[in-house]
2 protein chains.
Amino acid sequence: MHGKPCGGGHFVPPCAAEGRGYRKSIDNIDAALVHLLAERFKVTQAVGRHKAAAGLPPADPGREEAQIARLRRLAAEAELDPEFTEKFLRFIIDEVIRHHQAQGARG
Amino acid sequence: MHGKPCGGGHFVPPCAAEGRGYRKSIDNIDAALVHLLAERFKVTQAVGRHKAAAGLPPADPGREEAQIARLRRLAAEAELDPEFTEKFLRFIIDEVIRHHQAQGARG
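We now turn to the structure provided with this report. Numbering of residues starts from 1 in each chain and follows the order in which that chain's sequence is written. Note on labels: chains are lettered from A, ligands numbered from 1, in written order. For this predicted model, a pLDDT threshold of at least 70 governs which residues receive local features, and a threshold of 80 or more governs which side-chain atom pairs are given and counted, while totals over whole chains, interfaces and linings are taken from all residues. Hydrogens and water molecules were not included; the side-chain quantities draw on all heavy atoms of the structure.

## Let's talk about the interface of chain B and chain A
Applicable threshold: Here, residues are in contact when the closest pair of their heavy atoms is within 4.5 Å. Here the quantity called buried area is the total loss of accessible area, with a 1.4 Å probe, experienced by two parts when brought into contact, counted for both. Salt bridges, as used here, are contacts in which a Lys or Arg side-chain nitrogen is within 4 Å of a carboxyl oxygen on Asp or Glu. Polar contacts, as counted here, are pairs of nitrogen or oxygen atoms within 3.5 Å of one another; within protein the pair requires one atom able to donate a hydrogen and one able to accept it, and residues that are adjacent in sequence qualify only if both atoms are side-chain atoms. For this classification, the nonpolar set comprises Ala, Val, Leu, Ile, Met, Phe, Trp, Tyr, Cys and Pro, the charged set comprises Asp, Glu, Lys and Arg, and every other residue, Gly included, is treated as polar.
On the chain A side, the residues contacting the 51 residues of chain B number 51 residues. Taken over both partners, the interface formed by chain B and chain A buries close to 4,900 Å², and the fraction arising from carbon and sulfur atoms is 73%. Arg70(A) is the salt-bridge partner of Asp27(B), the closest N and O atoms lying 4.0 Å from each other. For the interface between chain B and chain A, the tally reads ten residue pairs in polar contact (both at pLDDT 80 or more). Considering only residue class, the side of chain B that touches chain A consists of 29 nonpolar, eight polar and 14 charged.

## Things to note about the environment of Pro61(A)
Residues and elements named next belong to chain A. As a reminder, the rule being used: Only DSSP runs of H or I reaching four residues or more are called helices, and only runs of E reaching two or more are called strands; each is numbered from the N terminus. Accessibility here uses a 1.4 Å probe with only protein chains present; expressed as a share of the type maximum, an area under 20% marks a residue as buried, one over 50% as exposed, and anything in between as partly exposed.
Inspection of the secondary structure puts Pro61 in helix α2 (residues 61-77). Judged by its relative accessible area of 57%, Pro61 falls in the exposed class. The sequence separation of Pro61 and Ile92 amounts to 31 residues, and the corresponding C-alpha distance is 14 Å.

## Quick look at the packing of helix α1 (residues 16-54) of chain A against helix α2 (residues 61-77) of chain B
Using the following cut-off: Geometry is summarised by axes, namely lines fitted to C-alpha atoms with helices restricted to the contacting stretch, and by angles between N-to-C directions that run from 0 to 180 degrees. The sense of a crossing depends on the near helix, which, turned anticlockwise from the far helix by less than a right angle, makes the crossing left-handed and, turned clockwise, makes it right-handed.
Their axes nearest at 10 Å, the elements α1(A) and α2(B) cross at an angle of 35°. Between α1(A) and α2(B) the crossing geometry is right-handed. Touching Arg23(A), Ile26(A), Asp27(A), Asp30(A), Ala31(A), Val34(A) and His35(A) of α1(A) are Arg63(B), Gln67(B), Arg70(B), Leu71(B), Leu74(B) and Ala75(B), all from α2(B).

Function cannot be read off these values alone, since they describe shape.
Printed below as a string of structure tokens:
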């Protein structure tokens, strides 16, 4: 066991209490992220049905570029890396397009 | 222009109003996701400083397995694909580990 100064300078085996506090915050944020993503896919599933019914293509490059530009702007304001934010949105959109293609194939 | 029945059965060029409503919901959810991710990375940056100070490795496989199992459970309750949820968490954790490695290299 090795001790390190943590917060007020008192020594505890690697700042166990501080580590637990961080983990709880991350777990809370992750639960919120999962529930928001569930809600987002409920909306995009409705979009998929709408596109399939209207004979629209699954992907919409113009819309995606607008979404990316907007989120990069929001990310910069929130001090989140805009490059990562763009990768994140593309990761989500790729999954949405897979869903839409599957819906189109069934429709 | 081709018309399709939308909602109440009236015809409009591909359900433009319905499409706009979906897009607004997606944009709102994406703004919330970006702000939550910004907050999550604030916490993991603090974790990175903590790990670097304590000489702990950037990755923690036991913790990651526990996070994945918990989020898969939450995803199933929220009707989100658990496979996608696991991919999503690994995508985020990979970015966190890159940050921690960069912090370690600077520290």
